[in-house]
Amino acid sequence: MSKRIVVTGASGGIGRETSLALAKDGHALVLVARRLDRLVELAQDCLDAGARSADAAALDLADPATGPRVADHIAALGHGELVLVNVAGVAHFGPLHETPVEDHLRQIQVNLLGLVSVTHALLPQMLAAGRGQVVNVLSVAVHVAFPYAEAYSASKAGAYAFGKSLSASYRRQGLRVTSLFPGATDTPLWDSQRGSPPREDMLTAQAVGQVVRELVRLPADRVVDEMTVTPPKGVL
Ligand SMILES: NC(=O)c1ccc[n+]([C@@H]2O[C@H](COP(=O)([O-])OP(=O)(O)OC[C@H]3O[C@@H](n4cnc5c(N)ncnc54)[C@H](OP(=O)(O)O)[C@@H]3O)[C@@H](O)[C@H]2O)c1
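The numbering scheme is per chain: residues are counted from 1 as the chain's sequence reads. Two thresholds apply to this predicted model, a pLDDT of at least 70 for residue-level local features and 80 or more for giving and counting side-chain atom pairs, whereas whole-chain, interface and lining totals are computed over all residues. Calculated side-chain values reflect all of the structure's heavy atoms, with hydrogen atoms and water omitted.

A. Representation of unusual backbone geometry. Phi at Y148 takes a positive value of approximately 60°, unusual for a residue other than glycine. The secondary structure listing takes helices from DSSP runs of H or I that are at least 4 residues long and strands from runs of E that are at least 2 residues long, numbered from the N terminus. When you line up the elements, Y148 lands in the loop between β5 (132-137) and α5 (150-170).

Here it is, written out as structure tokens:
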């Protein structure tokens, strides 16, 4: 059954591969990130892969107005269960005392506040329909303490708590919420980090995208509340 699916952070890495994986099931997609050129290219790739429609929405999740703008894009999509896949995120790993505070605050802004903003904007439509799904792409950093990742870990742990409470509040009204904890994944996120685990040991973004596709394909009579997916070597 074709659904209406919003993927944030669709312009690269896990979000891009998730969008392409979901496209194969013929859904209507809204692709959200800041880089319009990449979204436009991805939209065409999604259509080629089988998407019912693919809409490029160049928006900044650090802007509180973004949530309502995403809801506007959904309004034009017609029928189908509404699914929100929150993928967008930034990471600035480094010594807290040596790096600008803005780098750390930005992770909270995008990874936590942006996720809250978009979820808040789409929730009323899900409740009105009596069904909806939210998949939050978090991180094993919620459960594992990595050094020099304080704000990143806090943003993901905050999003985890947000999702758990969201589920407790609305699951009896048809909302299904999944917290997905991927381990290290080979994406551009690591390009700007000083030192990273071996890229060849990481998950591929395609693998994580396939996991999200499976979560979206789950029949409505079950909920995967939490899922951890790690590379064969485990937490790197
Ligand atoms: N890579 C890993 O090892 C790993 C592991 C576990 C979890 N994760 C999580 O997976 C998610 C995707 O990460 P990735 O590895 O695929 O990284 P990535 O390749 O750097 O992709 C990040 C995505 O987020 C978007 N984004 C960043 N800031 C944004 C903003 N202000 N507004 C809108 N979109 C924004 C980027 O698009 P624009 O730049 O075009 O805006 C891009 O599409 C993140 O939440 C990350 O924390 C990653």
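B. Summary view of the site of the ligand. Working definition: residue near molecule or strand if any one of its non-hydrogen atoms lies within 4 Å of it. Around the ligand lies a shell of 32 residues, among which R34, Y152, K156, T185 and T187 are the nearest. The term polar contact refers here to a pair of N or O atoms within 3.5 Å; inside protein, the definition further demands a hydrogen-donor-capable atom paired with an acceptor-capable atom, and it admits residues adjacent in sequence only when both atoms are side-chain atoms. The separation between an oxygen atom of the ligand and a polar side-chain atom of S11 is 2.7 Å. Note that a nitrogen atom of the ligand is positioned 2.8 Å from one of the backbone N or O atoms of L61. Note that accessible areas follow from Shrake-Rupley with a 1.4 Å probe, and for residues the cover is restricted to the protein chains shown. Within the complex, 95% of the 870 Å² of free accessible area of the ligand lies under protein. For the shell around the ligand, the secondary-structure elements that each account for two or more residues are α1 (13-23), α4 (101-129) and α5. Gly falls in the polar group here, along with every residue not listed as nonpolar (Ala, Val, Leu, Ile, Met, Phe, Trp, Tyr, Cys, Pro) or charged (Asp, Glu, Lys, Arg). Of the residues contributing to the shell around the ligand, the split by class is 18 nonpolar, nine polar and five charged.

C. Expanded view of the environment of G209. Here G209 is to be found in helix α6 (residues 205-217). On a C-alpha basis, the gap between G209 and V144 in space is 22 Å, while along the polypeptide they are 65 residues apart. When checking whether two residues touch, look at their non-hydrogen atoms; a contact exists if any pair is within 4.5 Å. Other than its neighbours up to four places away in sequence, G209 contacts E17, T18 and A21.

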